[in-house]
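Per-entry structural report
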Amino acid sequence: MRRISALEQKIRDYVNNANLLDRYFNSRPDDEWMTLCVSMNTLGDTCQALEYYEASGIGNDYGEKYLKLYGLLQAIFLQQNSICQIYQIFLGRKLSLKPDSAWTKIRDHRNLIVGHPIEKNYKTGTKRCFISRVTIQNNGFQLMIWNKEKEQKEFENVNLKTLYKEYKTDAVEYLNNIYKAQIIKLGAL
């Protein structure tokens, strides 16, 4: 997360030191400037939350494990949204995600586990999900998913440690692209 935090700071410094509000955003609707400001703050805030998670782990009792796991997935989801918005502003297009990337997988897990565990509708059908409480560890957990169309339970082991590590690699790549685009689009400081 430190690499993501460092890139967030480089992007933020560029925005602040290049006086982008006056040079670029004054001629644009306030909405885009405010979107950038909120996205930058959300990115910074989620970096702090995820750094705390990395330092303290998933916890010991079940309540703490659930709270930290749900919080981790939600913080990643918010971080992804902020990166997508910043990417759109500086590269002028939506971030194109690879369907099998860690970025996409962790987002899909968040949507199923935290967003819609009771009923998540996919193109392939409806799923209902819960985390096997006794399996929650720092390195991952097991999901029990009810597949309504198949009328059967499916179990999925989630290697959270690997997925999170790969997600951060994806995020660093996208943030590097944003930083480079700032310089190409608006010039070096």
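Because the structure is predicted, anything quoted here is derived from the model rather than measured.

1. Considerations on the overall build of the protein
Scanning the protein for helices and strands turns up 6 helices and 4 strands. Starting at the N terminus and ending at the C terminus, the protein contains elements arranged as α-α-α-α-α-β-β-β-β-α. Seen along its three principal axes, the alpha-carbon backbone of the protein occupies a region of about 55 × 35 × 25 Å. Of all 189 residues assigned to the protein, the portion counted as buried reaches 44%. Taking contacts inside the protein between residues at least 6 apart in sequence as the whole, the part at least 24 apart equals 62%.

2. Comments concerning the confidence of the model for the protein
With 98% of its residues at a pLDDT of 70 or more, the protein has an overall mean of 93. Averaged pLDDT values for the elements of the protein fall to 78 in helix α2 (residues 20-25) and rise to 96 in helix α4 (residues 62-91).

3. Some details on the nonpolar core
Across soluble globular proteins, nonpolar side chains have a tendency to be buried as a group. Membership of the largest hydrophobic core comes to 53 residues, with the highest contact counts inside it found for L20, L36, I83, F90, F141 and Y167. When contributions to this core are tallied by element, the ones reaching two or more residues are α1 (2-17), α2, α3 (30-56), α4, α5 (102-115), β2 (125-131), β3 (141-147) and α6 (160-186). Excluding residues that lie within four positions of it along the chain, Y167 makes contacts with I76, Q79, Q80, I83, A102, W103 and I106.

4. Let's talk about the side chain of K68
With respect to the helices and strands, K68 occurs in helix α4. Of the residues examined, K68 reaches a relative accessible area of 16% and is grouped as buried. Apart from residues lying up to four places away in sequence, K68 is in contact with Y52, S56, G57, I58 and G59.

5. What to know about the pattern of salt bridges
Counting across every chain of the model gives 5 salt bridges. For E64, the salt bridge goes to K68, with nearest N and O atoms at 3.2 Å. Taken together, the residues E64 and K68, both in helix α4 and 4 residues apart, mark about one turn of the helix. Its salt-bridge partner being K150, residue E154 comes within 3.4 Å of it at the nearest N-O pair.

6. A word on the environment of R110
Tracing the backbone shows R110 in helix α5. The class for R110 is buried, based on a relative accessible area of 11%. Along the sequence, R110 and G71 sit 39 residues apart, while their C-alpha atoms lie 9.9 Å from each other.

7. Let's talk about the pairing of β3
When you tally the buried positions in β3, you get 5 out of 7 residues, the bulk of the element. Pairing analysis gives 5 bridges linking β2 to β3, with the strands arranged antiparallel. In the strand pairing of β3, K127 is matched with N147. Pairing of β3 with strand β4 (residues 152-158) involves 7 bridges; the strand directions are antiparallel. Counted as the bridge partner of L143 is E156 from β4. In this antiparallel pair of consecutive strands, β3 and β4, the connection spans 4 residues, and E151 shows a positive phi of 50°.

Procedures and definitions
- Residues numbered from 1 in each chain as written.
- Predicted model: local features only at pLDDT ≥ 70, side-chain atom pairs only at ≥ 80, totals over all residues.
- Heavy atoms only, no water.
- Helix = DSSP H or I, 4+ residues; strand = E, 2+ residues; numbered from the N terminus.
- Buried < 20%, exposed > 50% of the residue type's maximum accessible area, 1.4 Å probe, protein only.
- Contact = heavy atoms within 4.5 Å.
- pLDDT = per-residue confidence, 0-100.
- Core = buried A, V, L, I, M, F, W, Y, C linked by side-chain atoms within 4.5 Å.
- Salt bridge = Lys/Arg side-chain N within 4 Å of Asp/Glu carboxyl O.
- Pairing = 2+ DSSP bridges.

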